[in-house]
Every structure is written in C-alpha cells, then in structure tokens.
Amino acid sequence: MKVLIVITSLGVGGAERLVTSLADRYAAIGHEVILVRFHGEPELRPGDPRVRLENLDMRRNPVGVLVAMRRFRRLILEFRPDVVNSHLVHANILTRLLRLVTPIPRLVSSAHNTNEEGRFRMLAYRLTDRLVDISTNVSEEAVQAFQNQRALMPGRMLAIHNGIDTEDFVFDRTARDRIRAELSVSDCTPLIISVGRLWEAKDYPNLLNAVSGLARRSVKFRLAIVGDGPLRSELTALAHSLGLAHQVDFLGARHDIPALMSACDVFVLSSAWEGFGLVVAEAMACERVVVATDSGGVREVVGEAGYLVKPRDSEALSGAIGQALRLSDVERKLMGEAARARVVEKFSLAATADRYLAVFRGETPQMAEGSR
C-alpha cells in the first residue's frame, strides 16, 4: 500500500511522536510511505530511512498557502497514494479542501483531542466533513466530544487509541541514575516529572499550585517540567512567586523521554483537556506511578493502574501526588508493573498501526477489550 501521511509540523508533541512512529511501522512491514509536513524544521523525524520526508514550506499568508497547496497537489499526483491520512486540524481541513481539485482514492482525517480551541475550527470540520471518507480520534470520549459539538454526523468518526513502542519505553536503571545525577537529585529525594508543551491545555498552573501545597506541608520533592511553549516565562514567574524556584526545573524540549521517565518516581499529567494522553501511556510503559487529571481519554489509558483526579482542581491533584509519594517501594513497584502490563496489552504501537491500516482498507478496526 502507498501511504501519504500529512501533518501540520513535526514539533515535539504526542501527535507528532505517534505519526513518526506509525510511519516507521508502516515502512517496516512493507508499505511505501511519504510523511509530509506543512512547515518548519523537524524536531522529530522517522527513524526508518525508507520513509520519505517532505516539507511543503508553507508561508503564513494567502499566497504562501496557495503555493504550498500547489506543491502538495503535485506531490499527490506524482506519488499516487492509495490513502492519504492527515493529522491535526490545519492539515485535516486543508487536505480536505485539496480533494476538491485533486484525486485522492481514500482520505482519512485524524484528530487528536476533544477540544480544537474554537467554534470556527469545529465549523470548518462540519462544513468539510463530506470531503473525507472517515475520521478518527484518539479516544471514545474525544469522538463523543466532536459529535456533541456537531463537527460531524454520528458514525463518521472512529476511535483509535494512540500506541507506543513498548521496546523503546521501558524502565532503564542506568538512565535513571544518569538523569538524576544531571539534575542533582539524590536517591532519597522523590522526583516528579511532567512532560508536555507549555500551553493552556496542559494547565501547568494547576501542577505548580498542587506542588506548592506539598511544599507548605514540608513534603520533600523535586519537580522537572519537560517541554517548551508560549507560557514558559509566565510559568517560571509563577514558580518563583510560589516560592518553588529551588524545587522546580524547567528542562525545555528534550528527546530522551524514556530516560526522563525512568528517572522519576511519580509522573503527573495536569491537563485541563486532552485527547488521549500519549505521554501517560509512555510513563506507564516505563513502570512509573501516574497521577493524572480525568481529561479526554486519559481514564481509558490509566484504568485502575494509577491515580485520577478532576481537572482544574489543584487541591485534589496535590492530595493524589502526596498519596503517590507515600507509597512504599513494594507498592510503587507493583503499581508500576501493573501499569506497564496494561500498556503492553492494550496500547502497543503494533496494535494501533493495525487499526489504522484497517481503516485505510475501509474496514472497521476492533478496539482492545477493556480499553474503552
């Protein structure tokens, strides 16, 4: 099968990590793959050299958009894919519009969240829905959210959970020691890690206020926040104002996420909204104790193998983190093992790739039992 995948950009994010991993997986099992981005240098890229990487170099003005779409049309006509799979809102809408003037045998649009940040975007989904064969989203809750917002008709979107390579995401004692030495965190100091872009959806003020509560109760900890984004200066200022300057490290964008996961004792997701929560599955695969907000499809990921609290409730989040930190070594080990077993069974990259390929062939994929 000739598969053309298109995404807005290849920054460091859950959707981008999934897309590059899927491209590698498709190529490894014999499919011909092109991965197209609309703009920007790739911070993530496929590891398989058989995946062809293309940049449309779109400029953010009307002429730049038209030039890029002309390049995109030419690429499709030359490659003649069996299926085009677009990811994220801009790529989804623009690829649908391109289908008005370009033959695409099968078009699959993939969203990655419950919230596309505005009525205009959901209206754009609704008005272009007839141009796509089928859409996917990363959880049952995300699918329902799109239907509730009338972005599409019922039955026009399928849930396909994100998947991770459980051979890459595995606990590594050597990496744990190296990262903790880098951060100057001793073995007797619990390390909390959160990973994600520094923007509104991840609700890092919720996390900072939660750990501030721990500090007031004299709980010993260090917090490392991994990621970058438009709110970095505001969050740094908030950490200082809460008296957390010496307990919170902003590490910026990193490409050694499995090692960072291994280094922590507790992983926290503080999001106000999510689609799936890929990073939660990554932490679970590394046998970490997870504390997360019950946002989007996160409940479908965590199941009984972690702690869930209401979004935007820093007091509840603080209590759950404190509870996780009080676990004995044996309790922490057992919870971590259960978390990894759940991810291996239900959220492997191979299973996710198989479900996408079934959709590409026009079939309805089967979800793992108990993962809803």
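Okay, so let's go over this structure. (Residues numbered from 1 in each chain as written. Predicted model: local features only at pLDDT ≥ 70, side-chain atom pairs only at ≥ 80, totals over all residues. Heavy atoms only, no water.)

## So, the pairing of strand β4 (residues 83-87)
For a regular strand, the rule is simple: side chains alternate between the two faces of the sheet. Heads up, the rule is: Each residue gets one of three labels from its accessible area relative to the maximum for its type: buried under 20%, exposed over 50%, partly exposed in between, using a 1.4 Å probe on protein chains only. Helix numbers and strand numbers start at the N terminus; a helix is a DSSP run of H or I with at least 4 residues, a strand a run of E with at least 2. Only strands joined by at least two bridges in the DSSP assignment are considered to pair. The crossover handedness rule: strands pointing away from the viewer, path from first strand over the helix to second strand clockwise, crossover right-handed.
Of all 5 residues in β4, 5 are buried, a share of seventy percent or more. In the sheet, strand β1 (residues 2-7) pairs with β4 via 5 bridges, with the strands oriented parallel. The residue of β4 that forms the bridge with I7 is H87. Relative to strand β5 (residues 107-110), β4 runs parallel, the two being bridged by 4 bridges. Directly across from S86, in β5, lies its bridge partner S109. Between the parallel pair β4 and β5, the chain is carried across by helix α3 (residues 89-98), and the sense of this crossover is right-handed.

## Here we look at the sheet that holds β5
Neighbouring strands of a sheet are bound in pairs by backbone hydrogen bonds; such pairs are parallel or else antiparallel. Quick note on the threshold: Lines fitted to C-alpha atoms define the axes here, with helix axes fitted over just the stretch in contact, and angles between the N-to-C directions of these axes take values from 0 to 180 degrees. Pairs of residues are marked as contacts when any of their non-hydrogen atoms sit within 4.5 Å.
Taken together, the 7 strands give an open sheet; going across it, the order is β3-β2-β1-β4-β5-β6-β7, and neighbouring strands pair in parallel fashion. Unpaired on one side and paired on the other, β3 (52-55) and β7 (157-159) mark the two borders of the sheet. In this sheet, adjacent strand axes meet at a mean angle of 20° when their direction is disregarded. Relative to the sheet, helix α1 (residues 14-28) contacts β1, β2 (32-37) and β4, its axis offset from that of β1 by approximately 170°.

## Here's the deal with the pattern of salt bridges
Selection rule: Salt bridge, as used here, is a side-chain nitrogen of Lys or Arg placed within 4 Å of a carboxyl oxygen of Asp or Glu.
A complete count under the given rule lists 19 salt bridges for this structure. Between R299 and D294 there is a salt bridge, with the nearest N and O atoms lying 2.6 Å from each other. We classify R299 as partly exposed; its relative accessible area is 48%. Beyond isolated ion pairs, a larger network of salt bridges with shared partners links R176, R180 and D265.

## Side note on the packing of aromatic side chains
Our working definition: Aromatic rings from Phe, Tyr and Trp, taking only the six-membered ring of Trp, are treated as a pair when their centres fall within 6.5 Å; an angle between ring planes under 30 degrees marks them as stacked, one over 60 as edge-to-face, and anything in between as tilted. In our convention, an over-ring charge means Lys NZ or Arg CZ found within 6 Å of a ring centre and within 35 degrees of that ring's normal.
A full pass over the atoms with the stated rule returns 5 aromatic pairs. Their ring planes at 85° and their centres at 5.9 Å tell us that F38 and F72 sit as a pair that is edge-to-face. Here F38 is found in the loop between β2 and β3, whereas its partner F72 is found in helix α2 (residues 62-79), with 34 residues between them in sequence. Summarising the burial analysis for this pair, F38 and F72 share the class buried. Ring geometry for Y356 against F360: centres 6.2 Å apart, planes inclined by 50°, an arrangement best described as tilted. Of this pair, Y356 and F360 are both found in helix α14 (residues 349-360), 4 residues apart, which corresponds to roughly one turn of the helix. Through a chain of ring-to-ring contacts, three or more aromatic side chains come together here, namely Y26, Y356 and F360. Positioned above the aromatic ring of F79 is the side chain of K2, whose terminal nitrogen or guanidinium carbon lies 4.8 Å from the ring centre.

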